[in-house]
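Secondary and tertiary structure notes
Okay, here's what each chain looks like letter by letter:
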Amino acid sequence: MTQHQRLLIIDFGSQVTQLIARRLRELNVYCEIHPYQNVTDAFLADFAPQAIIFSGGPDSVTREGSPRPPASAFTLGVPILGICYGQQVMMQELGGLVESGHGTAEFGRAFVTPSDKKLPLLEGWFSEGTEQVWMSHGDHVSKIAPGFEVYGTSPGAPFAITADVSRNFYAVQFHPEVHHTPRGAKLYENFVRLAGFTGDWTMAGYRQQAIAQIRAQVGDAHVICGLSGGVDSSVTAILLHEAIGEQLTCVFVDHGLLRLGEAEQVVSMFRDNYNIKLIAADESDLFLGALEGVSDPEVKRKTIGKLFIDVFQKYANEIENAEFLAQGTLYPDVIESVSFSGGPSVTIKSHHNVGGLPEKMGLKLVEPLRELFKDEVRALGRELGLPDSFIGRHPFPGPGLAIRCPGEITREKLEILRKADAVYIDQIRKHGLYDEIWQAFVAILPVRTVGVMGDGRTYDYACALRAVTSVDGMTADYYPFSHEFLGETATRIINEVKGINRVTYDITSKPPGTIEWE
Ligand code: XMP
């Protein structure tokens, strides 16, 4: 089995630590994020990183008991890059000085001026004199550690870029991982090159490695894989099929809350194109029956989540010799981020998944995407031959149309919603906008309004169109459609979909809104 070079990111709790990992993965460098509490000397020895990055963080190194890296990080003999808090903790630990306040806090855009000394880390920087960076610090380094020299300064950070070249230690006060540091990616590229990374993390290599790993883990046993029709579960299934062929059975549960033609599309893609053993279960009566009269969003999610597990289990029990359950868990779900809130974060929405299933059924887990970010899953999908049209599909939530039908769900409303949604998506595709949008859908509102069509009065449902841009679904902006597009779409929906006589466009961003209506 191939082993790739590994970089360790020690997380001190910055909001943007994940972005560091993304920048590195884009450079074909394998890296993992671990919270500082878990990174002990023993952990470090075992992980054996080829380089380390200290992330930013909200604490102050001047506070007693604030987060520290283990002492052995500095004696491993590997390159280290410290960012913001990571820079300050590095200085403090190596004999420099950090101070709070004194009017040198910097938040936002700043410009760094180079010193007259050259540093390989900064190759490609300063071609236009100064370099724009993103700062976000209250504390500042007031004395650098012995062995370090200054390579860049900003008005609020006299030690914006420092390095001890003999030890390959680099420290920057700003955040090179954010978009507001336009040439930040180049800095990471230089750092990994200096650290000897060859860019051995590719999806072609990962595919081979994952297949070998799945075969070794599963042996002759049988694996069950729940298919939702989304990219993650599809890529999981196809990868498993490539690894173990007939030993895989997929289960696709139609809960009656899918979009127009969706169940048929998923079933034909997997049966006809991949020849994967597939149990397609139409359980819409069961789900819609249980949801009758339910209008509370959390009760909807819980009802669907629980039934999903029951149904999945029923079908899975029919599969002989099943020992494993495959799940499309991604790396962002695995990362244990540092929480400084001191308590559990508030549940905004309880997302439904099949968690808890494996223990209940006595199954072991196969999670071949655990190391991947979403964009890497898409790249792997392409590598496995999934069509682009499928890979680029907008995310669709587990509870499906249930949460796009605020209030009580009825078959009539679902029918209307499906048709309106299909017209809307067709419009978006026809105008070539689909790939610019993170997610677009229609929500049918629990309100009827009066309209006039021809000579007659109508009294039908109102609907809301939603379209957002987003990087990860955590924050989102509404998509700025042209008025012509909105007008044309509203006309089409009202003309083509019986049951809707009013169309609105939702221009709420997230926060304060959420993407879905429930
Ligand atoms: P919100 O509405 O929370 O959505 O802004 C963020 C992203 O998550 C999806 N979403 C869900 N996915 N189960 C899922 O599998 C859920 O219960 C759920 N709720 C929201 C949503 O479609 C968007 O992509």
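Residues numbered from 1 in each chain as written. Predicted model: local features only at pLDDT ≥ 70, side-chain atom pairs only at ≥ 80, totals over all residues. Heavy atoms only, no water.

1. Re the layout of surface pockets
For the record, the criterion: We place a 1 Å grid over just the protein atoms. Points where a 1.4 Å probe fits but has no way out form a cavity, open points with protein on both sides within 12 Å along at least 5 of 7 lines form a pocket, and any residue with an atom within 4 Å of a point lines it. Grid points are joined across faces, edges and corners, and a volume is the space filled by probe spheres set on the points. Counting from the N terminus, the helices are DSSP H or I runs at least four residues long and the strands are E runs at least two residues long. Three classes are used: nonpolar for Ala, Val, Leu, Ile, Met, Phe, Trp, Tyr, Cys and Pro, charged for Asp, Glu, Lys and Arg, and polar for all others, with Gly counted as polar. As annotated, the domain borders come from an automatic or database domain assignment.
In this structure, the second largest pocket occupies an estimated 470 Å³ of space. Lining the second largest pocket are 18 residues, and of these Leu260, Gln265, Arg393, Ile425 and Arg429 lie nearest its centre. Secondary-structure elements contributing two or more residues to the lining of the second largest pocket are α7 (262-273), α13 (388-391) and α14 (411-430). With five residues, α14 is the single largest residue contributor to the lining of the second largest pocket. For the lining of the second largest pocket, the class distribution of residues is nine nonpolar, three polar and six charged. Inspection of the lining of the second largest pocket shows a minimum of three residues originating in each of domain 2 (203-392) and domain 3 (411-505).

2. Regarding the domain arrangement of the protein
Taken domain by domain, the protein holds domain 1 (7-195), domain 2 (203-392) and domain 3 (411-505). Of note, the centres of domain 1 and domain 3, computed from C-alpha atoms alone, are 47 Å apart.

3. Observations concerning the environment of Leu76
Quick reminder of the rule: In this scheme, a residue with accessible area under 20% of its type's maximum is buried, one over 50% is exposed, and one in between is partly exposed, where area comes from a 1.4 Å probe on protein chains only. Contact between two residues is taken to exist if any of their heavy atoms lie within 4.5 Å; hydrogens are not considered.
With respect to the helices, strands and loops of the structure, Leu76 is situated in the loop between β3 (51-54) and β4 (80-83). What makes Leu76 partly exposed here is its relative accessible area of 35%. Separated by 329 residues in the primary sequence, Leu76 and Cys405 place their C-alpha atoms 56 Å from one another. The contacts of Leu76, once residues within four sequence positions are left out, are Leu44, Pro49 and Ile52.

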